[in-house]
Amino acid sequence: MSVERYSHLKANDPEVYELIQSQAKMERTTLKMIASESYASFDVLEACGSVFTNKYAEGYPGARYYEGNEFADALENLAIARGKELFGCEHMNVQPYSGSPANSAVYRALLNNGDKIMGVPVSDGGHLTHGWKVSFSGKDYVQIPYRPNQETGRLDMAEVRQIALNERPKMIWVGMSAYPFKLDYAAFAEIAEEVGAYLVADIAHINALIIAGVHPDPVPYCDVVTSTAHKMLRGPRAGFIMSKLEDRYHEKYHPESKWNLAQLIDRAVFPTLQGGPHLHAIAGMATAFKYAQTAEFKAYGAQIVKNAQALCAELEALGRPIAGGGTETHLFLLDFRKEDFTGKDASQALAKCGIIANFNMVPGDTRSPFKTSGVRLGTAALTSAGMKEADMKQVAAWIDRVCRNINDIDSVAPTIRAEIAEFCGKFTFPGITE
């Protein structure tokens, strides 16, 4: 049962209320397997719906452009303190509206238009803001691509080093949206040091794994680390930036500036790119950071990887190839290169049956990015609902069943959809059910 909420909205705007209820019903009766999605807690939802929505607070704590911000200052300082303790970083900015604005601020703080950056292309699992041609990051800066090996699906750090030595980028991005293996931040740091480049980690997808200690920690090795607060951190739609206080390349890259690295980033967020911070989102972020410090959250982060690996093993046993042969994180790619149907065909068929995923290119994909040969699957949301390794056997069976019946999906979809809804009834969905 969905918890009865939104009584004022129900009375005053039943159309929006009904859409919220419909979304909640869908989320508690389907398998949410989009790797970038999960469930915000009731605590986070309540914080995001608080009176902090009402307040403008342009500037930073102690230096606002509006009066009446004593509680806003306390809130932002609380979020920063909790975030710094959680990640062990020297400096944190919690004002970015989301992950892409956070990444944009890093560029504005440290680079000039036309500078070279190294990043993984979207077609190989990278993010739009790491230099992809249709993004501002590919229009304003020159992307030097590095890619996972088409056969193994893994990065070859010797190859990454050689590209960096040849091209001498000013910034190297490490972090992807569809890479299932651990990242070697220490090796990236050595390369960045060798070529005199800023090293920036984007951990939007894997922050909970880092907190749980099941993925390497980038903070000791990187100049800057960016992230979102949603996805597996289960916080609000917001971003944050962590950095060193001092800038290794100050004299080389911006000798005219009196600002250190942290100050350059803060000034890029405000006033360069943004106006007033979203205090209600910062409230939700502070709440998410508090919960992320608990043993329960760390166990959840570790379980995400166990579930992903168990699901991979079950699917491979059923004859479903996995790009790269497995996973060390929360996600993996089903590989349909040898099938007549595309990744888009598969993702649409899965959705009809109550398995919500997205079509995605696999390394070396020859199909269009609008069709693809892969489907990306993630286990963060399933784990948030309390599912364990044993449950992945049933999830794998449904995925395989959809793929086997893809040419007759409308006939089998109602049955599978009903089975999944019944299965989901055994679990608790944060922010939706109690």
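Keep in mind it's a predicted model, so treat the numbers as computed, not measured. (Residues numbered from 1 in each chain as written. Predicted model: local features only at pLDDT ≥ 70, side-chain atom pairs only at ≥ 80, totals over all residues. Heavy atoms only, no water.)

Visitor: Help me out: how do you make sense of the overall build of the protein chain in this one?
Guide: Counting its regular elements, the protein chain contains 17 helices and 14 strands. Computed over its C-alpha atoms, the radius of gyration of the protein chain comes to 22 Å, within 12% of the 22 Å expected for a compact globule of 434 residues. Taken over the C-alpha atoms alone, the protein chain extends approximately 65 × 60 × 35 Å along its principal axes. With 434 residues in all, the protein chain has 57% of them scored as buried. Roughly 18,400 Å² of accessible area belongs to the protein chain as shown, and the carbon and sulfur atoms make up 50% of that amount. Between the centroid of the 44 positive side chains of the protein chain and the centroid of its 51 negative side chains there is a distance of 2 Å. (Helix = DSSP H or I, 4+ residues; strand = E, 2+ residues; numbered from the N terminus. Rg over C-alpha atoms; globule rule 2.2 N^0.38 Å. Buried < 20%, exposed > 50% of the residue type's maximum accessible area, 1.4 Å probe, protein only. Areas by Shrake-Rupley, 256 points an atom, 1.4 Å probe, with all protein chains shown as cover. Lys, Arg positive; Asp, Glu negative; His and termini not counted. Charge placed at Lys NZ, Arg CZ, Asp CG, Glu CD.)

Visitor: Explain the sheet that holds strand S8 (residues 198-202) to me, please; I cannot follow it from the model alone.
Guide: Overall, mixed pairing links the seven strands, which are arranged S4-S10-S9-S8-S7-S5-S6 in an open sheet. At either end of the open sheet lies a strand with only one pairing partner, and these are strand S4 (91-93) and strand S6 (142-145). Sheet twist, expressed as the average angle between the axes of neighbouring strands with direction ignored, equals 20°. Against the sheet, helix H7 (residues 157-167) makes contact with strand S5 (116-119) and S6, and its axis sits at roughly 170° relative to S5, the strand it touches most. (Pairing = 2+ DSSP bridges. Axes fitted to C-alpha atoms, helices over the stretch in contact; angles between N-to-C directions. Contact = heavy atoms within 4.5 Å.)

Visitor: Any chance you could explain the layout of surface pockets here in plain terms?
Guide: With a probe scaled to a water molecule rolled over the atoms, the places where space remains empty come into view. Size it by volume and the largest pocket reaches roughly 740 Å³. Lining the largest pocket we find 30 residues, and of these Glu27, Ser38, Tyr39, Ala40 and Leu45 sit closest to its centre. Breaking the lining of the largest pocket down by element, the ones donating at least two residues are helix H2 (14-29), helix H3 (42-48) and helix H12 (279-292). If you tally residues by element for the lining of the largest pocket, the top one is H2, at five residues. In terms of residue class, the lining of the largest pocket is made up of 13 nonpolar, 10 polar and seven charged. Size it by volume and the second largest pocket reaches roughly 590 Å³. Contributing to the lining of the second largest pocket are 33 residues, with Val122, Gly126, His127, Leu128 and Ser177 lying nearest its centre. Within the residue set of the lining of the second largest pocket, elements represented by two or more residues are helix H5 (99-110), strand S9 (224-228) and strand S13 (358-360). Taken together, the residues of the lining of the second largest pocket sort by class into 10 nonpolar, 19 polar and four charged. (1 Å grid on protein atoms, 1.4 Å probe; cavity = no way out; pocket = protein on both sides within 12 Å on 5 of 7 lines; lining within 4 Å. Points joined across faces, edges and corners; volume = space filled by probe spheres on them. Nonpolar A, V, L, I, M, F, W, Y, C, P; charged D, E, K, R; others polar.)

Visitor: Is there a simple way to think about the sheet that holds strand S14 (residues 374-378) in this case?
Guide: Strands pair in a sheet through their backbones, by hydrogen bonds, and they do so in one of two ways: parallel or antiparallel. One open sheet holds the three strands; their spatial order is S11-S14-S13, and the pairing between them is antiparallel. Each edge of the sheet is formed by a strand with only one pairing partner; in this case those strands are strand S11 (331-335) and S13. On average, each strand axis in the sheet is inclined to that of its neighbour by 40°, with strand direction left out of account. With five bridges connecting them, S11 and S14 associate as antiparallel partners. Bridge assignment links Leu333 to a residue of S14, and that residue is Arg376. Of the strands in this sheet, S13 and S14 touch helix H14 (residues 343-352), which is tilted by about 45° from S14.

Visitor: Would you mind going over the environment of Arg337 with me for this structure?
Guide: Following the sequence through the fold, Arg337 ends up in the loop between S11 and H14. The exposure class of Arg337 is partly exposed, given its relative accessible area of 37%. For Arg337 and Ser373, which are 36 residues apart along the polypeptide, the C-alpha to C-alpha distance reads 5.1 Å. When sequence neighbours within four positions are dropped, the list of residues in contact with Arg337 reads Gln150, Val362, Pro363, Gly364, Arg367 and Ser373. Reaching out from Arg337, the side chain makes a polar contact with the side chain of Asp335 at a distance of 2.6 Å. Separated by 2.8 Å, the side chain of Arg337 and the backbone oxygen of Pro363 make a polar contact. (Polar contact = N/O pair within 3.5 Å; in protein donor to acceptor, adjacent residues only side chain to side chain.)

Visitor: For this particular structure, what's the right way to read the pairing of strand S7 (residues 171-174)?
Guide: Across a regular strand the side chains alternate sides, sitting on one face of the sheet and then on the other. Here S7 shows no split at all, with Met171 and Trp173 on one side and Ile172 and Val174 on the other all buried. Inspection of the sheet shows S5 paired to S7 by two bridges, in the parallel sense. Across the sheet, residue Ile117 finds its bridge partner in S7, namely Met171.

Visitor: Quick question: what am I supposed to make of the pattern of salt bridges here?
Guide: Proximity of charged atoms lets side chains of opposite charge pair with each other. Here the structure, examined in full by the defined rule, presents 18 salt bridges. With a shortest N-O distance of 2.7 Å, Arg64 and Asp73 are connected by a salt bridge. Across this residue pair, the class does not change: Arg64 and Asp73 are buried. We note a salt bridge from Lys352 to Asp410, for which the minimum N-O separation is 3.0 Å. A residue pair is termed long-range when its members are at least 10 positions apart, and Lys352 in helix H14 and Asp410 in helix H17 (residues 409-424) qualify at 58 residues. Overlapping salt bridges, with partners in common, bring together Arg320, Glu339, Asp400 and Arg404 in one network. (Salt bridge = Lys/Arg side-chain N within 4 Å of Asp/Glu carboxyl O.)

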